[in-house]
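Each chain, letter by letter, is given below.
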Amino acid sequence: MDQPVARVLPMLGVPHLDRLFDYAVPADMDAHAQPGVRVRVRFSGRLVDAFVIERRRRSDHPGELRQLERVISPIQVLPKPLWDLVNTLAERYAGVRSDILRSVVPSRHASAENAGLFADGAAWEDLGAKLQSVEQAASDSYAAAEEALAPYTHGAAYLSALVEGKAARACLLTPPGRDIPTLIAAITAAVAWNTQGSVLVVAPNQRLVDRLVAGLKEHMNPAQVMELTAQVGPNARYRRYLSVLAGQARVVVGTRSAALLPVVAPRLMVLVGEADDNLVDPRAPYIHAREALALHAQRTGAGLLIAGVHRSAEVQQWVDSGLVYPLLPTREVLREAMPWIRGMGETDSATERELHAPGARIPSMGFEALRECVDNGAPALVQVPRRGYAPALACAKCRTPARCRHCNGPLELPTSAEAAPPRCRWCGQTAGLFTCSACGNHSVRLSVIGHDRTVEELGRAFPGVTIIASGGKHVVDSVRLRKSIVVATPGAEPTVEGGLYGAAILVDPWILLGRQDLRAAETALRHWMEAAALVVPRSKGGKVVFAGPANLPTAQQLIRWDPVGSARAELAHRAEAAFPPAFSVAAIDGTTSAIEALEAAWDLPEGAETLGPVELPPGVRLPAGIDPHDPQARRSARRLLVRVPADQRIALGQALRSAQSVRTIHRGSRAAQPEALRVVMDPVRIG
């Protein structure tokens, strides 16, 4: 053999073993043990899976090499571009490469390999029944995409650049009333039919994926649309992954794990809802699909499209630096699409007094908007920030928040039943007889009202009107265009079949704005704009009522419909406070001793600043290894922040990655149980 040595990456998930090891290739495995193939090796006395990364003529190891045990499959499931991308992400996010590969490359299923590619390996154009010729499909799809992008400045030029093969990258902000999945489907179909490249579309949740797939089926055969989400079974997922590797799947729609799919000849990558928290992988190394997809497009030379009604500070930084071009609707289109948006306290003293009235949640002008919708037979939307019945309770006497006696978590009232006792939102234990820790009182009051309680209140106010609840575990995808009131939590708003809502009421805005979070104002504005975008224009009587002071800066950005200005202001505030994306921050969570061990092992880049450690912020998930039901263990969790300028992000990731390796090596020499530690680069919730 010319190259008898195979360098492999064992799938161990341990920082100090995240490196390549040399193994000898037996003669009978020479043909199949090629780079990108999954193999089985013996490591430290046990058999583990591994990937062959490269073949060599000789090894740097002075001793005798152990042989590969077997080739699991001769299919090269790890192509070279994906391996390079994984290496870059591991440095940026201070992660382990095997953890990233597990989220991208599905487990092997022999039955899927035996079944082969779909339609006996037919080309993408020949999948399914032919509805029209390729030339006709290319012409019709391009015309539909041109019409969809006509309301946007330079929309036609962006589409032309994509079809010509240029790496055009844009951020598209849609006006109210426009169906984003329909727009994305038209652009995707035009690129897929008019080029020989692939299109990858990433969405934050299954509901949006279903709408995107339905829109694409209007332009192509259903067999030509490949869906990759958590709802796809392991066998089907592996077979579809093989179809992607072979270039048969040229239009792929999926959730966050699809952002790294090694599509063949990528021409366009699309991200919808880029600021949604669901795009952050909850497993180490906690990669954000927005960053992964942008890096993927940059390394492959593909176009990039970020679409939505709102723009985050991270994307605004890309726009300011020239990495992404803004695509905005013209003023005439925006003016025609806007509903009336009003807040309280902007007309007379009566509404100002109503704003501060005890127990006031829906103002009088909100009830008037709901009555108009009911009289006109149109659906109305009421957005409630919290799910459940009463997600937060307080002492009825002194207003002290009610906490659980076991874990100090917040108490909630799960149902309207009179006999239902309060329970803890963290550990789920029933509180029994509540006793206030401040005054000893035994009665509670509702300090926060959820969407279930709001359904009850509106049911009494509008007898005979259908009230629909959407939120929590029961999310409604769509409602009919008829007289009804929909009460939904942010992100769970149903669409209206064949139309839009007549009005939207945004209640309890102080809950979203009052969150102890760096992105509280940005997230609140995004939720409000997404709800307002579902309302008919003002020419058809569309109204959006903001049940809060109209003079709040975030409320003014909503009323003026200024996503660009809000993103610029948010980016400026972040830069002034030295927080992401102007600066890069690493959040290190764990016990005090674990954090101290990491500090002893790291060599931070120049200019790095540490903040803390402090107690873990409320609502942040505990690191693995800390018992959430143990109050003492929960109180022992700490968070340390490390802050560097944005251009030092990769250097910080490399330093923390090396420090974790050193820490695990030293930890391995001890007999004690390893202590909990978690490293998150640029977390969504800093504190």
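Residues numbered from 1 in each chain as written. Predicted model: local features only at pLDDT ≥ 70, side-chain atom pairs only at ≥ 80, totals over all residues. Heavy atoms only, no water.

1. Concerning a positive patch on the surface
Item 1. A surface patch of like charges, here positive, comprises Arg387, Arg403, Arg425 and Lys473.
Item 2. Secondary-structure assignment places arginine 425 in the loop between β17 (423-424) and β18 (444-448). (Patch = residues over 30% accessible without salt bridge, like charges linked within 9 Å, V, L, I, M, F, W, Y side chains within 5 Å. Areas by Shrake-Rupley, 256 points an atom, 1.4 Å probe, with all protein chains shown as cover. Salt bridge = Lys/Arg side-chain N within 4 Å of Asp/Glu carboxyl O. Lys, Arg positive; Asp, Glu negative; His and termini not counted. Charge placed at Lys NZ, Arg CZ, Asp CG, Glu CD. Helix = DSSP H or I, 4+ residues; strand = E, 2+ residues; numbered from the N terminus.)

2. A few points about the nonpolar core
Item 1. Core analysis: the biggest nonpolar cluster contains 72 residues, and Ile184, Leu268, Leu305, Leu558 and Trp561 have the highest contact counts within it.
Item 2. When residues of this core are sorted by domain, at least three fall in each of domain 2 (119-334) and domain 3 (339-390 + 448-560).
Item 3. Counting 67 residues, the second largest nonpolar core, distinct from the first, contains Ile100, Val105, Leu242 and Leu261. (Core = buried A, V, L, I, M, F, W, Y, C linked by side-chain atoms within 4.5 Å. Buried < 20%, exposed > 50% of the residue type's maximum accessible area, 1.4 Å probe, protein only. Domains from an automatic or database assignment.)

3. Concerning the UniProt feature "binding site: Zn(2+) 2" (unreviewed entry) in the protein chain
Item 1. Per the UniProt record, "binding site: Zn(2+) 2" (unreviewed entry) is annotated on Cys404, Cys407, Cys424 and Cys427. A compact arrangement is adopted by the annotated residues: their sequence extent is 24 residues, whereas the largest C-alpha distance between any two is 8.6 Å.
Item 2. The residue cysteine 407 is located in the loop between β15 (392-395) and β16 (411-412) in this model.
Item 3. Apart from the residues within four sequence positions on either side, cysteine 407 is in contact with Cys424, Trp426, Cys427, Pro631 and Arg634. (UniProt positions renumbered as here; feature names shortened; annotations may be inferred. Contact = heavy atoms within 4.5 Å.)

4. Side note on the sheet that holds strand β8 (residues 226-228)
Item 1. If you walk across this open sheet you meet the seven strands as β8-β9-β7-β10-β11-β6-β12, and the pairing is parallel. This sheet does not close on itself; its edge strands, each paired only once, are β8 and β12 (325-327). Each adjacent strand pair in this sheet contributes to an overall mean axis angle of 20 degrees, direction not counted.
Item 2. Of the pairings in the sheet, the one linking strand β10 (residues 266-272) to strand β11 (residues 303-308) comprises five bridges and is parallel in character. Looking across to β11, one finds that leucine 271 is bridged to isoleucine 306.
Item 3. Along the sheet, helix α6 (residues 180-194) makes contact with β6 (169-173), β7 (198-202), β9 (251-254), β10 and β11, crossing β10 at roughly 175 degrees. (Pairing = 2+ DSSP bridges. Axes fitted to C-alpha atoms, helices over the stretch in contact; angles between N-to-C directions.)

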